Amino acid sequence: MSPCHRRSGRAVRLTVAAAILPLVACGGGAAVPDVGPATSIPSPTGTDALAPFLSVAPGGGVMLAWTERQDTAAAVRFSRLSGAAFGAVRTVVERAPLFVNWADFASALPLGGDTVAAHWLRRAGDGKFAYGVQVAVSADDGVTWTPARWLHDDSAGVEHGFVTLWREPDGAVGSAWLDARGRAGDSGDGHDSHTSTDTLAGAPAMTVRSRRLRRDASVEAEALVDPRSCDCCQTTATPVADGMLLAWRDRSPTEIRDIVVARRTASGWSTPTRVHADEWETKACPVNGPSLASRGDSVVIAWFTQARDTAKVQVAFSADGGRTFGPAHRIDDGDPLGRVAVVIDDAGRAVVSWHERVSPDTADLRVRRVTPAGARSVGRTVTRLAATRRAGVSRMVRDGATVVFAWTVAGDHPTVALARASLGQP
């Protein structure tokens, strides 16, 4: 194992701000600078809050959405970061029979001004994973909302989730999600374990579907993007010069579960293509989706794989809007759990965060900068996490010259914590 992938035996501080590490290049070439040390941001959430989601408004400004448990029901709320603190807390939906899960979560997307689109997951049947996606739009920053509507055409008692929302150039909202229509009842392990999915022989496959949502919350026609995808890995999307690039974990007839992308232009969705031939063969859903970021047609993607029984977090770059990708660069420290996020800096380098196991029960949220040639910074630890699904999926977004992190602090009454770090050198 190379020094770049060797886990340090030194104790890691449990505080958010990690010690400054020397800027030593890893992977060859000139030294690659880390992001600055992380500093805490007071959280607007209370207890029993989990599943944070971060988004950035047009022109800048971070929005945090999260879910709160309420006895047998739940709520989805959001707040905007203003300077060093979050502002008013707004409610999207509350005291509703929501589906609350560590891997599949609600979101709020600022569309500009006071307009916000949101999605959440509502139970739609008796099965363990019988739930659907509801959406609404607010024109007054979450004070009032359009009536909730289903994002998908069917409302059968099967799984619909792992939603990505994005802004469209004409003011509409694009969306993609995993859709199990055609399945009867609970046919998989869902998001709680890594056991086999599609337990019934011949069960219909999970699909990836997409549609546009207008600002009045009316919807356009659905599009089928992939007729066979992995069951419970998050989707992700990023704008490119002539449209939108979408990524997810595919599922081949021979159970290869590698990451694929498709481009949507004026002519529709392209045929999905594989980012890299990991050749991860598994009958279990990894519950570990990719992350995308872009600047024009410069694209970076990060993902987790465990092909050939070796856990890795990998990064690849594209200079042509995701039509092709360069080689995969491994960027973890030897024992990753995945749950990645990526942004791109002004020099075209990737800034990647992920969960790295440090003991059977604990993991670190780490962040590292990577160049298109594969050179890596030393990396920083942002915080200590649980090494279980109770830690959820950490989030990271770029807002100007900083990156903002959000994660779930696991416990009987979980909370959401946040931090910010400077991107540093251009």
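Not measured: the values here are computed from a predicted model. (Residues numbered from 1 in each chain as written. Predicted model: local features only at pLDDT ≥ 70, side-chain atom pairs only at ≥ 80, totals over all residues. Heavy atoms only, no water.)

## Comments concerning the overall build of the chain
In terms of regular secondary structure, the chain is built from zero helices and 30 strands. Per-residue burial over the chain gives 58% buried out of 426 residues. Long-range pairs, those at least 24 residues apart, make up 54% of the contacts in the chain with a sequence separation of at least 6. Accessible surface, the chain: about 16,200 Å² in total, of which carbon and sulfur atoms supply 52%. (Helix = DSSP H or I, 4+ residues; strand = E, 2+ residues; numbered from the N terminus. Buried < 20%, exposed > 50% of the residue type's maximum accessible area, 1.4 Å probe, protein only. Contact = heavy atoms within 4.5 Å. Areas by Shrake-Rupley, 256 points an atom, 1.4 Å probe, with all protein chains shown as cover.)

## Details of the side chain of glutamate 68
On the secondary structure map, glutamate 68 appears in strand β3 (residues 62-70). Residue classification places glutamate 68 among the buried positions, given a relative accessible area of 14%. At 2.9 Å, the side chain of glutamate 68 forms a polar contact with the side chain of tryptophan 66. Setting aside residues no more than four positions away along its own chain, glutamate 68 makes contact with Gly46, Asp48, Ala49, Ala74, Ala75 and Arg77. (Polar contact = N/O pair within 3.5 Å; in protein donor to acceptor, adjacent residues only side chain to side chain.)

## A word on the packing of aromatic side chains
For the structure shown, the criterion picks out five aromatic pairs. Aromatic side chains phenylalanine 99 and phenylalanine 129 sit 6.0 Å apart centroid to centroid with 65 degrees between the ring planes, which places their arrangement in the edge-to-face category. Separated by 30 residues along the polypeptide, phenylalanine 99 in the loop between β6 (90-96) and β7 (107-112) and phenylalanine 129 in the loop between β8 (115-123) and β9 (131-138) bring together distant segments of the chain. Pair check on accessibility: phenylalanine 99 and phenylalanine 129 agree, each one buried. (Phe/Tyr/Trp six-rings, centres within 6.5 Å; stacked < 30°, edge-to-face > 60°.)

## Some points on the pairing of β9
When you tally the buried positions in β9, you get eight out of eight residues, the bulk of the element. Where burial is concerned, the two faces of β9 agree: the one with Tyr131, Val133, Val135 and Val137 and the one with Gly132, Gln134, Ala136 and Ser138 are both buried. Looking at chain direction, β8 and β9 are connected through eight bridges and run antiparallel. Along β9, the bridge assignment pairs histidine 119 with valine 135. When β9 meets strand β10 (residues 149-150), the two strands line up antiparallel, connected through two bridges. Following the sheet pairing, valine 135 is matched in β10 by arginine 149. (Pairing = 2+ DSSP bridges.)

## Section: the sheet that holds β7
Through backbone hydrogen bonds, the strands of a sheet pair up, either in parallel or in antiparallel fashion. Spatial ordering of the open sheet is given by β7-β8-β9-β10, a layout of four strands whose pairing is antiparallel. Single-partner strands in this sheet number two, and they are β7 and β10.

## What to know about the environment of arginine 209
Tracing the backbone shows arginine 209 in strand β13 (residues 206-213). Sequence separation between arginine 209 and leucine 224 is 15 residues, and the spatial gap between their C-alpha atoms is 4.6 Å. Leave out the neighbours within four places in its chain, and arginine 209 touches Ser175, Ala176, Trp177, Asp179, Arg181, Glu222, Ala223, Leu224 and Val225. Only 3.2 Å separates the side chain of arginine 209 from the side chain of threonine 207, close enough to count as a polar contact.

## So, the pattern of salt bridges
A full pass over the atoms with the stated rule returns 32 salt bridges. Where arginine 211 meets aspartate 153, a salt bridge forms, and the shortest distance between an N and an O atom there is 3.0 Å. Of the two residues, arginine 211 is situated in strand β13 and aspartate 153 in the loop between β10 and β11 (160-167); the sequence distance between them amounts to 58 residues. Taking the relative accessible area as the measure of exposure, arginine 211 reaches 5% and is therefore buried. (Salt bridge = Lys/Arg side-chain N within 4 Å of Asp/Glu carboxyl O.)

## Details of the pairing of β3
The buried fraction of β3 is high, at eight of nine residues. Counting the residues between successive antiparallel strands, the hairpin from strand β2 (residues 49-56) to β3 contains five residues, one of them, glycine 59, with a positive phi of roughly 85 degrees. Examined bridge by bridge, β3 and strand β4 (residues 73-82) share eight bridges and lie antiparallel to one another. Bridge assignment links methionine 63 to a residue of β4, and that residue is arginine 80. Hairpin geometry of β3 and β4 is characterised by an intervening segment of two residues between the two adjacent antiparallel strands and by a positive phi of about 55 degrees at aspartate 71.

## Description of the nonpolar core
Most often, soluble globular proteins have nonpolar side chains that are buried together. If you look at the biggest cluster of nonpolar residues, it comprises 61 residues, and the most contacted ones within it are Trp120 and Leu246. Setting aside anything within four residues of it in sequence, one finds leucine 246 in contact with Trp166, Ala176, Val208, Val225, Thr235, Thr236, Ala237, Val260, Val261, Ala262, Trp269 and Leu292. (Core = buried A, V, L, I, M, F, W, Y, C linked by side-chain atoms within 4.5 Å.)

## Topic: the sheet that holds strand β22 (residues 312-318)
Ordered by their spatial adjacency, four strands build an open sheet running β20-β21-β22-β23, and the pairing between neighbours is antiparallel. Of all the strands in the sheet, the pair left with one neighbour each is β20 (291-295) and β23 (329-330). Inspection of the sheet shows β22 paired to β23 by two bridges, in the antiparallel sense. Along β23, the bridge assignment pairs valine 315 with histidine 329.

## Looking at the side chain of glutamate 168
Following the sequence through the fold, glutamate 168 ends up in the loop between β11 and β12 (173-179). Of the polar contacts made by the side chain of glutamate 168, one reaches the side chain of tryptophan 166; its length is 2.6 Å. Polar contacts involving the side chain of glutamate 168 include one to the side chain of arginine 212, which spans 2.8 Å. Not counting residues up to four positions away in its chain, the partners in contact with glutamate 168 are Val173, Gly174, Arg212 and Arg264.

## Observations regarding the environment of arginine 330
The residue arginine 330 is located in strand β23 in this model. Between the C-alpha atom of arginine 330 and that of valine 315, which follows or precedes it by 15 residues, the distance is 6.5 Å.

## Remarks on the confidence of the model for the chain
In low-pLDDT segments, the atomic positions of the prediction should not be examined closely. Chain-level pLDDT for the chain is 89 on average; 88% of the residues reach the 70-or-more range. Note on residues 1-29: pLDDT under 50 across the span, and 65 contacts to partners over four residues away in sequence or across chains. Counting contacts from residues 192-201, a segment whose pLDDT is below 50, to residues more than four positions away or on other chains yields 35 contacts. (pLDDT = per-residue confidence, 0-100.)

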